[in-house]
Each structure stands twice: as C-alpha cells, then as structure tokens.
Amino acid sequence: RILLTTVLDLSRENVKGIAMTVQDITREAELNEAKSQFISNVSHELRTPLFNIKSFIETLHEYGEDLSVAEQREFLDTANRETDRLTRLVNDVLDLSRLESFKLYNFEPVDLAQPVEQTLRTYRLNARDKGIELVQDIEPSLPSVVGHYDLLLQVFTNLVGNALKFTETGGKVAIRAYLLGSDRPMHEQHEKQPFLCPPAESVNTTDAQNLDFQMVRIEVSDTGIGIDMDDQSAIFDRFFRVENRVHTLEGTGLGLSIVRNIIEKHHSHVRLVSEVGIGTTFWFDLKVFQENTLAESDETD
Ligand code: ADP
C-alpha cells in the first residue's frame, strides 16, 4: 500500500511537472511569437521613412536642376521631417526594449510635483503656441509615492504630449494628483472642472481598495478629440494609431505601450475614460511611500 501511494504520488508529481513544462513551452512560444511580430512591425515602420528619405534624395539628385528653389526646399523639408520621424521611432523602440529587458529598478520616494513640473516646463511653449491652457493641480502636501523618477517623467511626457497633440486651440490639458480617500471627492472636482474625470463610482474599482496602504491617484486630462469606445482597448497596443489621424500628426504608436509598461512596473494599471468630442482622462494609482514599502517594490514581475 505504501508502495502504491508512493507510485501515485510520484505520478501525480510527474503529471504536475509535465503540465508545468507544457505551460512553460506554451508561454515561451507566445513570447517568441510576440517578439517576432514586434520585429516585423518595427522593420515595417522603419522602412517607410527610410524609403521616403531615399526617394526624395534620389529625386533631388537626378532632377534637382529642373526643380525650382521652392520645390527643392520642399523636398528637403520633407526628408528632414521623415528623418525626425525615424529618430522618434528608434528612440521609442529603444525605450520599450530597455523597459522590457530590465527586471529590476531602483524604486525610491518620488515627490510627484517634480516630474510634473519638469513635464510642464517641457511643454509650456508648445501649449502657448497652440493656445492650450496647461493646468497643474497637485494636492498640497501630497505624500511621496514609491516610484522611479525617470520612468514616471516619461509617463507624464508621453501622456501630456498626446493630450496636447489631440487637443484643439482653446482647449485645456491638466495633470492632477491627490490622495485617494482624501476629502476632495472626485465628483466634486468633476463639477468644478470643465474637463472629463473618471466617474466617481470608478474610484471603487481601484486596486487600492481594502489594502492597508494609501494610494495617490494621478490623472492626465484633456478637452481634446476623444477616443472612440471601439479603439479604447487597442490604443495601448504597439504601433496602434487611430485611423484617419495617422498622417496628420506626429507619432509612432508606441507612446502608450511605454506608459502601460512603466505603470505595470509600478505594480499598477493605467486606465482611461474618453468621449469623442469631449476629451480624455488617463489615470493610474501609485503607492504612498512608507519606510517599509520600498523593499517590496524593488522587484518586478
Ligand atoms: P502616438 O505616437 O501615435 O501618439 P500612442 O501609443 O501614444 O502613439 O497613442 C496611440 C493612439 O491613441 C494615438 O495615435 C491616438 O490615435 C490615440 N490617443 C492617444 N492619446 C490620446 C488623447 N489624449 N486623445 C485622443 N487620442 C489619443
């Protein structure tokens, strides 16, 4: 009987072991598939501006003398713009692959007012040129969060950059940060402010509920063109860009993948509410820094 039990135990272990191995292989196959899909997408995206640059240079080279100075300048301007696009693309791809290959980040207490201020400084001129009001609303004496300064700066840069890109003259872009459960309920702000906020009930879906640490909520809102419901889940996918706007505005379709990746590294999720013609709010929660929260957050995945 002992022997039989041992045999059964062993075979149970084996089955478990085999099941785990099959799972590992499946996961690895999925990862490989995702990787080769990414490489093929990147190659495709890189090829387009390269092809354009080469065509313009070749045309100038062969027929330059037949073109007016204005035409030559236009060709050069286009080649220059395509070079900028290529640079953005290469930078975004590098950012994303760096993020994916690093498992360990040094998390530290971050005073959110600083990366927010730095982001607004970067975009102030751009916003003024476009006639868009940039608003900062960081709750006074907001505690520091557990985070990575440079990565959070990149999140703000990408989200505010998008918000400005997809908002018309006369619109507003705002960054807010406040302690969840503090005495400024979100629906009050919603009434006060003309731009979108997550509806009050969505506060209950936060990852922070029933946990014994406090969370800070961060929102980046705009009064821009909004995102159709059908596109909302896809916008975080690599290279996804909403149709019909692709050629008019700069972008790589990687910005939000980077944002999602960074926020996930902070053990959180980025969410959005959006209405076409009204605006969009992206939001996520970060853990308040306490002496004992740092060690837990050092490792990712
Ligand atoms: P991109 O480089 O194209 O901005 P992202 O990954 O940052 O790439 O965004 C993907 C797409 O999501 C954008 O092309 C745009 O169509 C849509 N999008 C992102 N942010 C906003 C926003 N604030 N308002 C409207 N549409 C947005």
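Analysis parameters
- Residues numbered from 1 in each chain as written.
- Predicted model: local features only at pLDDT ≥ 70, side-chain atom pairs only at ≥ 80, totals over all residues.
- Heavy atoms only, no water.
- Salt bridge = Lys/Arg side-chain N within 4 Å of Asp/Glu carboxyl O.
- Helix = DSSP H or I, 4+ residues; strand = E, 2+ residues; numbered from the N terminus.
- Buried < 20%, exposed > 50% of the residue type's maximum accessible area, 1.4 Å probe, protein only.
- Pairing = 2+ DSSP bridges.
- Near = heavy atom within 4 Å.
- Polar contact = N/O pair within 3.5 Å; in protein donor to acceptor, adjacent residues only side chain to side chain.
- Areas by Shrake-Rupley, 256 points an atom, 1.4 Å probe, with all protein chains shown as cover.
- pLDDT = per-residue confidence, 0-100.
- Contact = heavy atoms within 4.5 Å.
- Phe/Tyr/Trp six-rings, centres within 6.5 Å; stacked < 30°, edge-to-face > 60°.

**Q** So what exactly am I meant to see when it comes to the pattern of salt bridges here?
**A** The final tally for this structure, using the stated rule, is seven salt bridges. A salt bridge links glutamate 82 to arginine 85; the nearest nitrogen and oxygen atoms lie 3.2 Å apart. Remark: arginine 85 and glutamate 82 occur in helix α2 (residues 69–101); sequence separation between them is three residues, near one turn of the helix. Take arginine 85: its relative accessible area is 27%, and that puts it in the partly exposed class. Bridged by salt links that share partners, the residues Asp137, Arg176 and Glu219 form one connected network.

**Q** Explain the pairing of strand β7 (residues 279–287) to me, please; I cannot follow it from the model alone.
**A** Every regular strand shows the same layout, with side chains that alternate between the two sheet faces. In terms of burial, β7 is largely enclosed, as nine of its nine residues are buried. In β7, alternate side chains face the same way, and those of Gly279, Thr281, Trp283, Asp285 and Lys287 on one face and Thr280, Phe282, Phe284 and Leu286 on the other are all buried. In this structure, strand β5 (residues 215–222) lies alongside β7, joined through eight bridges in antiparallel fashion. Counted as the bridge partner of serine 221 is threonine 281 from β7. Summarising the sheet, strand β6 (residues 271–275) and β7 pair through five bridges and their orientation is antiparallel.

**Q** I'm lost on the site of the ligand in this one. Help?
**A** What surrounds the ligand is a group of 20 residues, the closest being Asn162, Asp222, Arg241, Thr252 and Leu256. The separation between an oxygen atom of the ligand and a polar side-chain atom of asparagine 162 is 2.8 Å. Between the ligand and lysine 165, the relevant distance is 2.9 Å, taken from an oxygen atom to a side-chain nitrogen or oxygen of the residue. With the chains in place, 97% of the 530 Å² that the ligand exposes on its own is no longer accessible.

**Q** Sorry if this is basic, but what is going on with the confidence of the model for the protein chain here?
**A** Fine structural detail should not be taken from predicted coordinates in areas where pLDDT scores are low. Confidence in the prediction of the protein chain, expressed as mean pLDDT, is 80, and 77% of residues score 70 or more. Taken together, the stretch residues 185–208 has pLDDT below 50 and engages in 55 contacts with residues farther than four places along the chain or on a different chain. Note on residues 295–301: pLDDT under 50 across the span, and 17 contacts to partners over four residues away in sequence or across chains. Note on the complex model: pTM 0.75, ipTM 0.98.

**Q** Just to check I follow, could you spell out unusual backbone geometry for this structure?
**A** As a rule of thumb, non-glycine residues mostly have phi less than zero, and peptide bonds are mostly trans rather than cis. Even without being a glycine, serine 141 presents a positive backbone phi close to 50°. In this fold, serine 141 is placed in the loop between β2 (133–138) and β3 (145–147). Relative accessible area serves as the criterion here: at 77%, serine 141 is assigned to the exposed category.

**Q** For this particular structure, what's the right way to read the packing of aromatic side chains?
**A** Aromatic rings considered in pairs are described by the distance between their centres and by the relative angle of their planes. A complete count under the given rule lists two aromatic pairs for this structure. With centroids separated by 5.2 Å and ring planes inclined at 85°, the aromatic side chains of phenylalanine 56 and phenylalanine 75 adopt a geometry described as edge-to-face. One end of the pair, phenylalanine 56, is in helix α1 (residues 2–63); the other, phenylalanine 75, is in helix α2, with 19 residues separating them in the sequence. By relative accessible area, phenylalanine 56 is classed as partly exposed at 21%. Relative to phenylalanine 282, the ring of phenylalanine 236 lies with its centre 6.2 Å away and its plane at 85°, an arrangement referred to as edge-to-face.

**Q** Explain the environment of isoleucine 262 to me, please; I cannot follow it from the model alone.
**A** Looking at where isoleucine 262 falls in the secondary structure, it is placed in helix α7 (residues 255–265). Accessibility expressed as a relative area gives 0% for isoleucine 262, which makes it buried. As a C-alpha pair, isoleucine 262 and isoleucine 138 span 124 residues in sequence and 21 Å in three-dimensional space. Apart from the residues lying within four places of it in its own chain, the contact partners of isoleucine 262 are Leu99, Leu151, Gln154 and Val155.

**Q** How should α7 be read in this particular structure?
**A** Two residues of an α-helix separated by three or four positions point the same way, owing to the 3.6 residues in each turn. Along α7, nine of the eleven residues are buried, which leaves the element largely enclosed by surrounding structure. Buried within α7 are the following residues: Gly255, Leu256, Ser257, Ile258, Val259, Asn261, Ile262, Ile263 and Lys265. The secondary structure elements touched by the buried residues of α7 are α2, α4 (149–165) and β7. Looking at the residues trailing α7, positive phi occurs at histidine 267, about 55°.

**Q** Teacher, can you tell me more about the side chain of histidine 266 here?
**A** Mapped onto the fold, histidine 266 is located in the loop between α7 and β6. Residue class for histidine 266 comes out buried when judged on its relative accessible area of 8%. If we skip the residues at most four places from it in the chain, histidine 266 touches Phe107, Val146, Gly147, His148, Leu151, Leu152 and Leu286.

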